[in-house]
2 protein chains.
Amino acid sequence: MGDSTASLIEAYHDLNANIVDELEDEPSALEFMRYVAKNRPFVVRKAATEWQAFEKWDAAYLRKAMAGEDVKVAITPSGNADAVVRQEDASDVFMEPYEIEEPFGSFLDAIQESSGRREVDKANVRYAQTQNDNLRNEYSPLQSEVPSEISFARIALEQAADAINLWLGNDRSVTSLHKDNYENIYVQIRGQKHFTILPPVEMSCVNERLLPKGRFAPSDINVGQETDGLIVKLNTNAEPVPVATWDPDTPEEKTTRYSHLAKPLRVTLREGDMLYLPSLWYHKVSQTAGEEGFVCAVNYWYDMDFAGQHWVANQFVRDVYQDEQKKPQYPSLTISTGE
Amino acid sequence: MGDSTASLIEAYHDLNANIVDELEDEPSALEFMRYVAKNRPFVVRKAATEWQAFEKWDAAYLRKAMAGEDVKVAITPSGNADAVVRQEDASDVFMEPYEIEEPFGSFLDAIQESSGRREVDKANVRYAQTQNDNLRNEYSPLQSEVPSEISFARIALEQAADAINLWLGNDRSVTSLHKDNYENIYVQIRGQKHFTILPPVEMSCVNERLLPKGRFAPSDINVGQETDGLIVKLNTNAEPVPVATWDPDTPEEKTTRYSHLAKPLRVTLREGDMLYLPSLWYHKVSQTAGEEGFVCAVNYWYDMDFAGQHWVANQFVRDVYQDEQKKPQYPSLTISTGE
């Protein structure tokens with residue numbers, strides 16, 4: 001009996017080059033639809049250099065535009081929001097960040113001060129990463145400085161963006177490997193983002209596990225005071241959540257029997273670059289601050305199409321993998337020939 | 001442990017309506033690409049009524065245009081070319097037709113004479129169905145009377161048609177359930193075609209089996225003489241071929257444990273109608289002759305894209321199904337509670 005899951009990954013690589021296509025210009029709606037049909041990423045360098053955001057968004061301008069506004073900020077001990085944290089008892093927990101609201105100016109001060117001090121700074125890490133259409137809400141003073149839609153996506157997918165998110169942080173934050181049920185257009189404004197991405201067929205490589213949820217929180221004596229000394233609070237009421245626990249940057253750890261077959265793609269977005277990250281692709285994202293010590297990006301989420309085969313085929317890959325986990329694994333038989 | 005294959009088919013039906021979309025007009029290249037991306041069929045009624053072929057192709061015109069031309073004709077005892085035939089020893093063989101060349105005029109005579117006599121005519125059945133780009137070769141006198149490309153497909157898929165095939169026969173021929181590695185644009189000129197189609201995820205429903213190949217041939221005493229009395233000649237040198245043996249029109253026979261989950265779609269093409277049959281969809285095709293006693297259609301094959309996930313995901317569905325066939329099936333356990 002063959003190993004269908006291994007064959008799937010190997011066949012995928014045989015038929016798909018291990019590169020992210022670089023387009024000269026923004027694609028037409030039809031060109032974009034061809035990429036959606038293939039569920040393959042592309043990058044367009046300098047696609048956003050005409051955007052007002054690209055021209056205007058330095059620290060002084062952002063402070064002025066957002067003066068008087070409070071923003072939601074994720075706070076973690078080491079820049080690892082929505083990530084797996086190993087507890088003292090060696091159990092793993094999927095941790096969500098402590099969330100506060102603070103004046104935009106104080107937030108940006110903290111980001112800039114802490115930037116580039118990854119090795120020495122022990123203070124908590126801030127990241128504005130709410131992913132709840134925040135650009136059209138909390139950050140609405142900045143909304144008109146980016147396009148209201150990515151026009152090729154709106155036309156091709158026949159829909160308005162479901163969310164436009166602003167991301168503001170520094171090099172101390174890393175977003176761990178995960179996937180989203182969205183077609184994602186990601187545009188870098190300041191600093192750099194380093195994407196490590198895997199196609200959905202590599203589901204069996206990422207060691208998805210059901211983990212309890214937790215949230216960072218101040219210890220009781222500190223409530224409402226300081227945010228140093230965050231502790232892990234388990235959410236014992238929440239259902240465990242499936243989490244990719246393999247890290248393509250430490251590929252020998254937390255492996256499955258398929259992890260060695262993964263061929264992660266890496267692409268760095270520099271200021272003005274645009275990435276199409278297709279639905280269900282796994283992505284891990286780290287960042288390098290720009291010259292003013294912060295990193296800023298905007299992404300557009302368009303609903304993926306659950307019709308056709310794309311969604312159900314990927315659920316099937318997952319189901320087959322999970323069934324296999326429940327079966328005993330026997331070593332392969334070696335038949336002695338008596339010689 | 002769940003049944004991943006059953007879940008796949010059920011989820012597909014939950015997310016995809018059990019109809020063939022009917023479009024008002026030929027789609028734009030972008031609209032077409034959305035259907036290719038979803039791997040879903042559509043029909044455009046009366047799309048070809050402006051074609052010269054639609055206006056001109058009556059029997060008299062075809063005889064005149066093709067005067068002096070010999071054409072390849074498939075001959076079978078009962079209209080079942082490329083189909084499974086049960087032998088006297090109860091074994092099944094995948095049969096290819098006997099092929100002859102004959103003057104177009106004699107061929108069309110035979111088609112018209114035999115038309116509508118399915119129940120009583122015991123003569124062999126003729127069908128011009130070579131599927132080798134025959135419209136641009138054998139039938140080149142007719143080539144200019146259909147478009148050289150389906151323009152929305154050429155633009156969307158960025159390629160010329162790989163083959164343009166003319167099909168000419170009568171109601172006695174049936175094409176049994178199979179699939180092709182092509183995006184297929186099928187246009188009815190005369191008579192009707194009745195398509196029964198299944199999406200690729202229903203692979204596990206069609207009872208694909210590896211069968212030996214055979215070919216109908218005259219018995220030795222008749223070689224070069226008559227085509228009556230065709231016998232089965234096994235091709236013992238050929239590798240066995242995978243063949244769908246379940247028939248959606250006799251759904252209780254030759255079933256797999258998944259056949260009952262299939263939801264075949266049915267669509268009839270009338271004169272001038274166009275069908276997009278997406279790559280890897282199973283299709284069975286029967287026909288009803290037009291007023292002159294023949295059926296004529298033209299189809300355009302565009303190469304499918306083997307990149308992305310589409311091809312590999314469908315291979316995976318097949319691999320998982322085939323692995324399952326090799327395992328013993330146990331009845332499910334019922335645990336007695338002692339009550």
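Residues numbered from 1 in each chain as written. Chains lettered and ligands numbered in written order. Predicted model: local features only at pLDDT ≥ 70, side-chain atom pairs only at ≥ 80, totals over all residues. Heavy atoms only, no water.

The name an unreviewed UniProt entry assigns to chain A is JmjC domain-containing protein, from the organism Recurvomyces mirabilis.

Draft legend 1. Representation of helix α2 (residues 29-38) of chain B within the structure. α2(B) sits mainly inside the fold: seven of its 10 residues count as buried. Residue Asn39(B) follows α2(B) closely and has a positive phi angle near 55°. (Buried < 20%, exposed > 50% of the residue type's maximum accessible area, 1.4 Å probe, protein only. Helix = DSSP H or I, 4+ residues; strand = E, 2+ residues; numbered from the N terminus.)

Draft legend 2. Local environment of the side chain of Ser204(B). Secondary-structure assignment places Ser204(B) in the loop between β11 (192-198) and β12 (208-211). The contact partners of Ser204(B), leaving out residues within four places of it in the chain, are Thr5(B), Ile9(B), Thr256(B), Tyr258(B) and Tyr321(B). (Contact = heavy atoms within 4.5 Å.)

Draft legend 3. Representation of the sheet that holds strand β2 (residues 42-44) of chain A within the structure. Residue and element names in this part refer to chain A. Across the sheet, which stays open at both edges, the six strands sit in the order β1-β2-β17-β10-β19-β8 with mixed pairing between neighbours. Each edge of the open sheet carries a strand with a single partner, namely β1 (21-23) and β8 (163-169). Within this sheet the neighbouring strands show an average axis-to-axis angle of 20°, counted without direction. With seven bridges joining them, β8 and strand β19 (residues 295-303) adopt antiparallel strand pairing. Along β19, the bridge assignment pairs Trp167 with Ala297. Together, β1, β2, β10 (182-190) and β17 (274-277) form the strand contacts of helix α2 (residues 29-38), whose direction differs from that of β17 by roughly 40°. (Pairing = 2+ DSSP bridges. Axes fitted to C-alpha atoms, helices over the stretch in contact; angles between N-to-C directions.)

Draft legend 4. Representation of the interface of chain A and chain B in the model. Each partner contributes residues to the interface: chain A has 38 residues there, and chain B has 38 residues. With its nearest N and O atoms 3.8 Å apart, the salt bridge here joins Lys38(A) to Asp305(B). In this assembly, chain A and chain B are joined by 11 residue pairs in polar contact (both at pLDDT 80 or more). Elements supplying a minimum of two residues to the side of chain A that touches chain B: α1 (4-15), α2, α6 (151-157) and α7 (310-325) of chain A. In terms of residue count, α7(A) provides more of the side of chain A that touches chain B than any other element does, 10 residues in total. Of the residues belonging to the side of chain A that touches chain B, the class tally is 21 nonpolar, 10 polar and seven charged. (Salt bridge = Lys/Arg side-chain N within 4 Å of Asp/Glu carboxyl O. Polar contact = N/O pair within 3.5 Å; in protein donor to acceptor, adjacent residues only side chain to side chain. Nonpolar A, V, L, I, M, F, W, Y, C, P; charged D, E, K, R; others polar.)

Draft legend 5. Region of the structure containing the pairing of strand β19 (residues 295-303) of chain B. Residue and element names in this part refer to chain B. Within β19, eight of the nine residues are buried, which leaves the element mostly enclosed by the surrounding structure. By the bridge criterion, eight bridges tie strand β10 (residues 182-190) to β19 in an arrangement that is antiparallel. Directly across from Tyr182, in β19, lies its bridge partner Asp303.

Draft legend 6. Representation of the packing of aromatic side chains. Residues and elements named next belong to chain A. With the rule as written, the count across this model stands at 31 aromatic pairs over all chains. Between Phe306 and Trp311, the ring centres sit 4.8 Å apart and the planes meet at 65°, which makes this aromatic pair edge-to-face. On the basis of relative accessible area, Phe306 is assigned to the partly exposed category, the value being 30%. Three or more aromatic residues link up through ring pairs in this structure, and these residues are Phe32, Tyr35, Phe42, Phe152 and Tyr276. Here the basic side chain of Arg190 rests over the ring of Phe54, its NZ or CZ set 5.5 Å away from the ring centre. (Phe/Tyr/Trp six-rings, centres within 6.5 Å; stacked < 30°, edge-to-face > 60°. Lys NZ or Arg CZ within 6 Å of the ring centre and 35° of its normal.)

Draft legend 7. Local environment of the environment of Ala238(A). Examined against the element boundaries, Ala238(A) turns out to sit in the loop between β14 (230-234) and β15 (241-244). A C-alpha to C-alpha distance of 8.8 Å links Ala238(A) and Gly214(A), two positions 24 residues apart in sequence.

Draft legend 8. Spotlight on unusual backbone geometry. Positive phi is not limited to glycine here, since Asp133(A) has a value of about 65°. If you trace the backbone, Asp133(A) turns up in the loop between β7 (125-127) and α6. If you check the backbone angles, Lys46(B) has positive phi at about 60° while not being a glycine. Note on placement: Lys46(B) falls in the loop between β2 (42-44) and α3 (52-56). The partly exposed category is assigned to Lys46(B), whose relative accessible area is 49%.

Draft legend 9. Looking closely at the sheet that holds strand β18 (residues 282-288) of chain A. Residues and elements named next belong to chain A. In space, the four strands of this open sheet follow the order β9-β18-β11-β16, with antiparallel pairing throughout. Either end of the sheet is taken by a strand with one partner, and the two such strands are β9 (175-178) and β16 (265-269). Direction aside, the axes of adjacent strands within the sheet are offset by 20° on average. Judged from the five bridges that link them, strand β11 (residues 192-198) and β16 form a sheet pairing that is antiparallel. Across the sheet, Thr196 pairs through a bridge with Arg266, a residue of β16.

Draft legend 10. Spotlight on the relation of the copies chain A and chain B. Note on the identical chains: chain A maps onto chain B by a rotation of 180° and an axial translation of 0.0 Å, with an RMSD of 0.0 Å. The superposition of one copy onto the other is thereby described by a two-fold rotation axis. Rotation axis and chain A: the residue whose C-alpha lies nearest the axis is Ala37(A), separated from it by 2.0 Å. Interface residue correspondence from chain A to chain B reaches 100%, placing this contact among same-surface, isologous pairings. (Least-squares fit on C-alpha atoms with pLDDT ≥ 70 in both.)

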